[in-house]
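# Architecture and fold: a report
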Amino acid sequence: MHGWFLVLTLLFVASPLAAAQDVRPAAAVVVMTGEAVVHSIPDRAWLTIAAESRASSPREAQRRNAEAMAPVIDKLRAAGIPPEAIRTVAYDLQQEWDFVNNRRVSRGYVARNAIEVRVDAVDRVGELLEIAVASGATSVSGIRFDVKDRAKLEREALRLAVADARAKAEAAAEGAGRTIERVVRVEEHGVQARPPEPFALARESAQAADVPPISAGQIELRAQVTLTAELK
């Protein structure tokens, strides 16, 4: 009996405290979304350059493709592109077919080799495209622009997005006759990059005239955050 009385007494003492915690009013908060956009002129580009060769046998198609791509790489290196800035991004060898009298007839093999070239001086993009095409490249599938210090721009976009959310929260608090006590939480929703539109070039369009000047435009980085602040 003595043991049961002790337990009941403890429950009786703890119960009022728990009830007091349950009725404590929750802190008033304001939740705001902030957004910021940072623009930057690209200072780096990637070119995807390809060579395509055909032959009656797979070995011959590969040999011709190697002969077509080798001068392209050599000329790019001679133009100052370091070896580590050139990498193979695609290579394939396929048999091609024709249909004659409802029968599939082989018309040989096609070998394709694509390399990606990093260009650290954007103003040289047009010059390097001209070199690649004149050296035997059959296509340039696209140009991708970027900035070398992307992380720094992303941090700046996030900082501005948080400042935007904080300003909105302060305005909302002032409208309610309150002020911001403290920031409780900041949730990042990522930084989205919007690069300039890619530029595509086919060799046929480059044979009649020089490669046109390339305009890098601007890269847009958009950051979004959600800020929760406690009011007083």
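Residues numbered from 1 in each chain as written. Predicted model: local features only at pLDDT ≥ 70, side-chain atom pairs only at ≥ 80, totals over all residues. Heavy atoms only, no water.

### Quick notes on the nonpolar core
Judged by nonpolar contacts, the single largest core of 27 residues is most densely connected at Leu 47, Ile 49, Leu 76, Ile 115, Val 117 and Val 125. The set of elements that each furnish at least two residues to this core consists of strand 2 (44–55), helix 2 (58–78), strand 4 (103–119), helix 3 (125–134) and strand 5 (139–146). The contacts of Ile 115, once residues within four sequence positions are left out, are Leu 47, Thr 48, Ile 49, Met 69, Ile 73, Leu 76, Ile 86, Arg 87, Thr 88 and Val 89. Ranked by size, the runner-up nonpolar core spans 19 residues in total, among them Val 30, Ala 161, Ile 219 and Leu 231. (Core = buried A, V, L, I, M, F, W, Y, C linked by side-chain atoms within 4.5 Å. Buried < 20%, exposed > 50% of the residue type's maximum accessible area, 1.4 Å probe, protein only. Helix = DSSP H or I, 4+ residues; strand = E, 2+ residues; numbered from the N terminus. Contact = heavy atoms within 4.5 Å.)

### Observations concerning the pairing of strand 2
Most of strand 2 sits out of view: 9 of its 12 residues are buried. Pairing of strand 2 with strand 5, which is carried by 7 bridges, proceeds in the antiparallel orientation. Each bridged residue has a counterpart across the sheet, and for Thr 48 the counterpart in strand 5 is Gly 142. (Pairing = 2+ DSSP bridges.)

### Focus on the pattern of salt bridges
Summed over the entire model, instances satisfying the criterion amount to 23 salt bridges. Across the pair Glu 60 and Arg 64 runs a salt bridge whose closest N-O atoms are separated by 3.0 Å. Residue Glu 60 and its partner Arg 64 are both found in helix 2; the two are separated by 4 residues, about one turn of the helix. Take Glu 60: its relative accessible area is 21%, and that puts it in the partly exposed class. A salt bridge links Arg 185 to Glu 187, with the nearest nitrogen and oxygen atoms 3.5 Å apart. Taken together, the shared-partner salt bridges in this structure form one network comprising Glu 52, Arg 54, Asp 92, Glu 96, Asp 98, Arg 107 and Arg 112. (Salt bridge = Lys/Arg side-chain N within 4 Å of Asp/Glu carboxyl O.)

### Quick notes on the side chain of Glu 230
Structurally, Glu 230 is set in strand 8 (residues 219–231). Apart from residues no more than four positions distant in its own chain, Glu 230 is found in contact with Ala 27, Ala 28, Val 29, Thr 179, Ile 180, Glu 181, Arg 182 and Val 184.

### Here's the deal with helix 2
In an α-helix, one turn spans 3.6 residues, which is why side chains three or four residues apart end up on the same side. Helix length check: helix 2 (21 residues) gives 30 Å between terminal C-alpha atoms against 30 Å at 1.5 Å per residue, within 8%. The set of residues buried in helix 2 consists of Ala 61, Asn 65, Ala 68, Met 69, Val 72, Ile 73 and Leu 76. Angular distribution of buried residues about the axis of helix 2 spans 130°; they occupy a single face of the element. Facing away from the buried side of helix 2 by more than 90 degrees, the exposed set consists of Arg 59 and Ala 78. (Expected span 1.5 Å × (residues − 1). Arc of directions from axis to C-beta.)

### What to know about helix 3
For helix 3, the complete set of buried residues consists of Val 125, Gly 126, Leu 128, Leu 129, Ala 132 and Val 133. Along the axis of helix 3, the buried residues cluster in a sector spanning 160°; they form a single face.

### Topic: the packing of aromatic side chains
Throughout the structure, instances matching the rule amount to 0 aromatic pairs. Over the aromatic face of Trp 97 sits the side chain of Arg 104, whose NZ or CZ is 3.9 Å from the ring centroid. One Lys or Arg, Arg 144, reaches over the ring of Trp 46 and ends 4.3 Å from the middle of that ring. (Phe/Tyr/Trp six-rings, centres within 6.5 Å; stacked < 30°, edge-to-face > 60°. Lys NZ or Arg CZ within 6 Å of the ring centre and 35° of its normal.)

### Quick notes on the confidence of the model for the chain
Looking at the chain as a whole, the pLDDT averages 84, with 82% of positions reaching at least 70. Low pLDDT (under 50) marks residues 1–20, which in the prediction has 0 contacts with non-local residues, meaning those over four places away or in another chain. (pLDDT = per-residue confidence, 0-100.)

### Thoughts on the sheet that holds strand 6 (residues 180–194)
Spatial strand order, 1-8-6: 3 strands in an open sheet with antiparallel pairing. Strands with a single pairing partner mark the edges of an open sheet, and in this sheet they are strand 1 (29–40) and strand 6. Taken over all neighbouring pairs, the strand axes of this sheet differ in orientation by 20° on average, direction set aside. Where strand 1 meets strand 8, 12 bridges bridge the pair, whose relative direction is antiparallel. By the bridge assignment, Glu 35 is partnered in strand 8 with Gln 224. (Axes fitted to C-alpha atoms, helices over the stretch in contact; angles between N-to-C directions.)

### So, a nonpolar patch on the surface
A cluster of nonpolar residues, Val 29, Val 31 and Val 184, forms a patch on the protein surface that exposes about 230 Å² of accessible area. Mapped onto the secondary structure, Val 31 falls in strand 1. What makes Val 31 partly exposed here is its relative accessible area of 48%. (Patch = residues over 30% accessible without salt bridge, like charges linked within 9 Å, V, L, I, M, F, W, Y side chains within 5 Å. Areas by Shrake-Rupley, 256 points an atom, 1.4 Å probe, with all protein chains shown as cover.)

### Remarks on the side chain of Arg 44
Mapped onto the secondary structure, Arg 44 falls in strand 2. Within the structure, Arg 44 has its side chain in polar contact with the side chain of Asp 120 (distance 2.9 Å). Residues within four places of Arg 44 in sequence aside, it is in contact with Arg 118, Val 119, Asp 120, Val 122, Arg 144, Phe 145, Asp 146 and Lys 148. (Polar contact = N/O pair within 3.5 Å; in protein donor to acceptor, adjacent residues only side chain to side chain.)

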